[in-house]
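Reading the structure
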Amino acid sequence: MDFQYSAEQEAYRAKVRAWLEANQPGKLEAPDADSMGGDDPQWRRLKDWHKRLYKGGWMGLTWPKEYGGQQASFIEQVIFQQELGRLNLPFGCNVLGVIMTGPALMQWGTEAQKARYLEPIISGEEIWCEGMSEPGAGSDLANIQMRAVLDGDNFVVNGQKVWTTVAHRAQFCQLFVRTDPDVPKHKGMSALLVDMKSPGVTVKPLKQISGDAEFNEIFFEDVRVPKENLLGPVNMGWQVLVSTLMHERIGIGETLGGSEQLLRHIVDLARQNHLNGKPAYEDPAVRQQIAQFACEVAAKKYSGMRSLTKRLKGQPPGAEASISKMVSTELSQRMVKYATRLLGEYALLERKSPFAPDGDWLRRILACESMTIAGGTSAVQRNMIGERILGLPKG
Ligand SMILES: Cc1cc2nc3c(=O)[nH]c(=O)nc-3n(C[C@H](O)[C@H](O)[C@H](O)COP(=O)(O)OP(=O)(O)OC[C@H]3O[C@@H](n4cnc5c(N)ncnc54)[C@H](O)[C@@H]3O)c2cc1C
């Protein structure tokens, strides 16, 4: 495993850092900005930031130039994300499109599909959502019931999706449907690229306890999808889905976990707040807990470096994406919850209250439960780690 970055990579980091520092938008601060359920002005600011990143040549860094990317190396992408995280800046407005649909299109799409969809994904012109989960199919996605029946040149789609992030903003959906109900469940699924303005598509936002409404129910009633919008071979949707999820887990673990940044916030809270009449950082129990978090953040970082070294040696992402996803989201969740210990009653104040602490902690605390559910629950990641990495028998 490599611990050091080369002089060339450090020079690249300096270039990224200089650009981000010069171009970062003043008011766009996480976590406010990385919530996709905010009001319209906030969404517009996020879109503007995405476009600025794209114009600066920082979106889809590893994508081929013909699709609007920079053909940069994987390590350059990682350095860029680290620097973005250091400044607390969000990844743009089309996260799912860039980390999931884009790579899936490159792997499974026809040349015509790649030419049509990829560039508007990284430019942020066309927002994509991921239509996987249904009321009876979340952890067990092979149980998807949404039906698509071929009728002439179109698939006719009927059924319901749920928890579909950003569907209320999306122009397109990467949709997983059942095309053959008479074969074992993993074998009769297909993936479709669906225009969200198609007649028969109804999107209903779901409001969360945090006040955000970032995800939705989507109802499909006799929606006609041209058959050229099939992604990958018919009835091979399970393979498309597994590879798409792998990209999501890597994205969540490496891009959105943000545990180093969160640790810095916890240290700041310990400096700014008092416990039992003394600064919180003087309390031995607080110091020990923060030291424990710091050890775990470091362990996560080095474990991430091990899989990074593997990727740089040309090996594909494997089941260790599950380790990265599970460890970074569980650790971040524990750190967010620990903030309540440092903030005391102030943790209960809403962002706009006069005495609310900086950082929108109430929203973060309420929203953090979802971290270990979205993208596959921790229990499901543990099953994958047990079976595919440790070689344990299926439970
Ligand atoms: C913020 C957020 C955003 C999301 N965005 C999207 C999106 O854009 N598109 C999309 O399609 N979905 C999305 N989801 C849905 C998400 O993928 C599912 O919620 C998740 O996979 C769990 O499925 P479920 O909710 O149906 O729970 P269930 O599968 O019903 O699980 C219920 C409980 O049982 C446990 N469990 C289930 N099976 C097993 C097992 N085999 N072994 C051990 N324990 C098990 C789970 O860990 C969980 O605790 C999102 C969810 C969240 C929270």
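In what follows, the accompanying structure is described.

Cut-offs used in this document
Residues numbered from 1 in each chain as written. Predicted model: local features only at pLDDT ≥ 70, side-chain atom pairs only at ≥ 80, totals over all residues. Heavy atoms only, no water. Near = heavy atom within 4 Å. Polar contact = N/O pair within 3.5 Å; in protein donor to acceptor, adjacent residues only side chain to side chain. Areas by Shrake-Rupley, 256 points an atom, 1.4 Å probe, with all protein chains shown as cover. Helix = DSSP H or I, 4+ residues; strand = E, 2+ residues; numbered from the N terminus. Contact = heavy atoms within 4.5 Å. Phe/Tyr/Trp six-rings, centres within 6.5 Å; stacked < 30°, edge-to-face > 60°. Buried < 20%, exposed > 50% of the residue type's maximum accessible area, 1.4 Å probe, protein only. Lys NZ or Arg CZ within 6 Å of the ring centre and 35° of its normal. Axes fitted to C-alpha atoms, helices over the stretch in contact; angles between N-to-C directions. Left-handed = near helix turned anticlockwise from the far one by under 90°. Nonpolar A, V, L, I, M, F, W, Y, C, P; charged D, E, K, R; others polar.

**Some points on the site of the ligand**
In the neighbourhood of the ligand, 17 residues make up the surrounding shell, with Ser 133, Ser 139, Trp 163, Thr 165 and Thr 377 lying closest. The contact in question runs from a nitrogen atom of the ligand to an N or O atom on the backbone of Glu 130, over 2.8 Å. Note that a nitrogen atom of the ligand is positioned 2.6 Å from one of the side-chain N or O atoms of Thr 165. Compared with its free state, where it exposes 980 Å², the ligand has 63% of that area covered by protein. Looking at the shell around the ligand, the elements with two or more residues in it are strand 3 (154-165) and helix 11 (378-389). Ranked by residue count, the leading element in the shell around the ligand is strand 3, at three residues.

**Describing the side chain of Ser 259**
Here Ser 259 shows up in helix 7 (residues 259-272). A polar side-chain atom of Ser 259 sits 3.0 Å from a polar atom in the side chain of Lys 300. Apart from residues no more than four positions distant in its own chain, Ser 259 is found in contact with Val 297, Lys 300, Leu 331, Ser 332 and Met 335.

**Some remarks on the packing of aromatic side chains**
One pass over the full model with this rule turns up nine aromatic pairs. For the ring pair Trp 128 and Phe 172, a centre distance of 5.0 Å and an interplane angle of 20° mean the geometry is stacked. Of this pair, Trp 128 sits in strand 1 (residues 128-131) while Phe 172 is found in strand 4 (residues 172-178), placing the two residues 44 residues apart along the sequence. Side by side, Trp 128 and Phe 172 carry an identical accessibility label, which is buried. Here a set of aromatic residues connected by ring pairs shows up, and it is made of Tyr 12, Trp 19, Trp 49, Trp 58 and Phe 80. Sitting over the ring of Tyr 5, Arg 13 keeps its end group 4.9 Å from the ring centre. If you follow Arg 364 out to its NZ or CZ, it ends over the ring of Trp 361, 4.4 Å from the centre.

**What to know about the packing of helix 9 (residues 320-343) against helix 11**
Viewed as axis vectors pointing N to C, helix 9 and helix 11 meet at an angle of 145°, and their least axial separation amounts to 9 Å. The two elements helix 9 and helix 11 meet at a crossing, and its hand is left-handed. Contacts between helix 9 and helix 11 involve Glu 320, Ser 322, Ile 323, Lys 325, Met 326 and Glu 330 from the former and Ser 378, Gln 381, Arg 382, Met 384, Ile 385 and Ile 389 from the latter. A breakdown of the residues in the contact of helix 9 with helix 11 according to their chemical character gives five nonpolar, three polar and four charged.

Functional significance is not addressed by these values, which are geometric in nature.
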